[in-house]
Amino acid sequence: MSKPRILIVEDSSSVRQWFTAVLAERAELSTARNGLEALNRIWAAWEKGEPFEAIFMDIIMPVMDGLSAVKEIRRLERERRSEGVRPCRICIISRLAKPEDILKAQYHCGADGYVTKPFAESTILQTISNLGVELPHQLRMRCSS
Amino acid sequence: MSIEARIGANWGRVYLKPTEMHLSDGSPQAVTTVLGSCVSVTFFAPEAGVGGITHGMLPREAAGQAGVESGRFVDSGIAWMVRAFARQGFDPGSLEVKLFGGAQMHETDASSRTTKSVGRQNVESALETIEELGLRLLVSEVGGSWGRKLVFFPHSGDVWIKKITRSSLYNGETHGQAAHTRHGR
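The shown structure was predicted, so the numbers you read here are calculated from the model rather than taken from an experiment.

A few words now on the sheet that holds strand E2 (residues 21-23) of chain B. Strands pair in a sheet through their backbones, by hydrogen bonds, and they do so in one of two ways: parallel or antiparallel. Spatially, ten strands are ordered E2(A)-E1(A)-E3(A)-E4(A)-E5(A)-E7(B)-E6(B)-E4(B)-E5(B)-E2(B) in an open sheet, and the strand pairing comes out mixed. Each edge of the sheet is formed by a strand with only one pairing partner; in this case those strands are strand E2 (28-32) of chain A together with E2 of chain B. Each adjacent strand pair in this sheet contributes to an overall mean axis angle of 15 degrees, direction not counted. Where strand E5 (residues 113-116) of chain A and strand E7 (residues 136-142) of chain B come together, two bridges link them in antiparallel fashion. Paired with tyrosine 114 of chain A across the strands is serine 140 of chain B, a residue of E7 of chain B. Its contacts with the sheet put helix H1 (residues 74-87) of chain B on E2, strand E4 (39-45) and strand E5 (50-54) of chain B, and the angle it makes with E5 of chain B is roughly 165 degrees.

Residues and elements named next belong to chain B. Where H1 contacts helix H2 (residues 118-132), the two axes come as close as 8 Å, and the packing angle between them is 35 degrees. Seen along the crossing, H1 lies across H2 with a hand that is right-handed. Note on element contacts: H2 touches H1 through Asn122, Ser125, Ala126, Thr129 and Ile130, opposite Val74, Asp75 and Ile78. Counted by class, the contact of H1 with H2 contains four nonpolar, three polar and one charged residues.

Turning next to the confidence of the model for chain B. All names here are of chain B. Predicted confidence across chain B gives a mean pLDDT of 87, with 81% of residues reaching 70 or more. Considering only residues more than four positions removed or in separate chains, one finds that residues 175-185, a stretch of pLDDT under 50, has 28 contacts. Interface confidence for the predicted complex, given as ipTM, is 0.90, next to a pTM of 0.89.

All right, on to the interface of chain A and chain B then. Counting from both sides, the interface comprises 22 residues of chain A and, opposite them, 26 residues of chain B. Buried surface at the junction of chain A and chain B, summed over both partners, amounts to about 2,100 Å²; 50% is from carbon and sulfur atoms. Of all residues in chain A, the largest losses of buried area upon contact with chain B belong to Tyr107, Gln126 and Asn130 of chain A, amounting jointly to 33% of the total for that side. Inspection of the chain A/chain B interface yields one salt bridge. For lysine 98 of chain A, the salt bridge is made with glutamate 131 of chain B, and the minimal N-O distance between the two is 2.9 Å. Our count for the chain A to chain B interface comes out at twelve residue pairs in polar contact (both at pLDDT 80 or more). Secondary structure elements with two or more residues in the side of chain A that touches chain B: helix H4 (99-109), E5, helix H5 (121-130) and helix H6 (137-142) of chain A.

Looking now at the packing of aromatic side chains. Residues and elements named next belong to chain A. Scanning the entire structure with this criterion turns up eight aromatic pairs over all chains. Judged by centre distance (5.7 Å) and plane angle (55 degrees), the rings of phenylalanine 19 and phenylalanine 119 are tilted. Placement of phenylalanine 19 in helix H1 (residues 13-23) and of phenylalanine 119 in the loop between E5 and H5 is noted, with a sequence separation of 100 residues between them. Just as phenylalanine 19 is buried, phenylalanine 119 falls in that class too.

Moving on to the environment of phenylalanine 43 of chain B. For phenylalanine 43 of chain B, the location among the structural elements is in strand E4. The class of phenylalanine 43 of chain B is buried, set by a relative accessible area of 0%.

Cis geometry is found at the peptide bond from lysine 117 of chain A to proline 118 of chain A, where omega equals -5 degrees. The topology assignment puts proline 118 of chain A in the loop between E5 and H5. Phi is positive for valine 63 of chain A, which is not a glycine, with a value near 70 degrees. Along the chain, valine 63 of chain A turns up in the loop between strand E3 (54-57) and helix H3 (66-79). The exposure class of valine 63 of chain A is exposed, given its relative accessible area of 67%. In the Ramachandran plot, threonine 19 of chain B falls in the positive-phi region, its phi being about 80 degrees despite a non-glycine side chain.

Turning next to the side chain of arginine 16 of chain A. All names here are of chain A. Inspection of the secondary structure assignment puts arginine 16 in helix H1. Within the buried core, arginine 16 has no salt-bridge partner, and the shortest N-O distance to an opposite charge, that of aspartate 11, equals 6.4 Å. Setting aside anything within four residues of it in sequence, one finds arginine 16 in contact with Glu10, Asp11, Thr31, Ala32 and Arg33.

The rules behind the values
- Residues numbered from 1 in each chain as written.
- Chains lettered and ligands numbered in written order.
- Predicted model: local features only at pLDDT ≥ 70, side-chain atom pairs only at ≥ 80, totals over all residues.
- Heavy atoms only, no water.
- Pairing = 2+ DSSP bridges.
- Helix = DSSP H or I, 4+ residues; strand = E, 2+ residues; numbered from the N terminus.
- Axes fitted to C-alpha atoms, helices over the stretch in contact; angles between N-to-C directions.
- Contact = heavy atoms within 4.5 Å.
- Left-handed = near helix turned anticlockwise from the far one by under 90°.
- Nonpolar A, V, L, I, M, F, W, Y, C, P; charged D, E, K, R; others polar.
- pLDDT = per-residue confidence, 0-100.
- Buried area = accessible area lost by both parts, 1.4 Å probe.
- Salt bridge = Lys/Arg side-chain N within 4 Å of Asp/Glu carboxyl O.
- Polar contact = N/O pair within 3.5 Å; in protein donor to acceptor, adjacent residues only side chain to side chain.
- Phe/Tyr/Trp six-rings, centres within 6.5 Å; stacked < 30°, edge-to-face > 60°.
- Buried < 20%, exposed > 50% of the residue type's maximum accessible area, 1.4 Å probe, protein only.
- Lys, Arg positive; Asp, Glu negative; His and termini not counted.

Structure (structure tokens):
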């Protein structure tokens, strides 16, 4: 089974490192430090014919925030639908947990999920599965209990 | 791995219907429910391995309906569950809470452009109640125009979701057997 391509968009290096430690063996992992970097990575992946299957996106970041990036990703996906671009699964990762933040992310911007920080490894692995992205079996089994 | 493959052979099975709630006794169980615009909130007390789940259909309890059918309404179902945990000595702030459902199942309805869907109203009610009661929300997977088959393991707090199409939701293909244990109507 091939590894899914997952993009982590997060300005905190410690959070990026945490994701790398948890997912590096289970996925083809890429990282970006803000929304604009993420858009460049996503565009390049489309051009290469190897789109990301899932994206974990922080909200508060310099240059371009996560919610603006999600809206732009969804707009580009619609625009390039005729070229075969399909929506990827996007999960917000944020310390913000106000009802308005979660409603905006999921109903207005188009995020599929919302995980509040701090989070556990099991929460992230379950979220990936629940978003419909398959991780290699043996590796996920090792940490599923 | 399929959701079914994650369920232990000797675990208890519960099928949760709309408006019902379930509070576990700590034994291994798999609680299954199917969500469209309805909302399920799961609760887990990690120190005791006890969990609970609601399946609310409508956002808010109306005046004069208090306590009549707690599980029917999203807000009163959450409040009922918090009280049930409190009776067992669990502080609301220690519970791990997750929120699912709230799909916009009729997005082609012209009125949906100006009126909030039932799904969104259910989620708004859940989020506001969770905040008011000082609960810690870990995960929210809401919205979309698809149904969700949800399986909750109340002894571990794990929740597994399978996206389901509108046709299978309304044809009843995903509905299971009657529940073995249910509480809180």
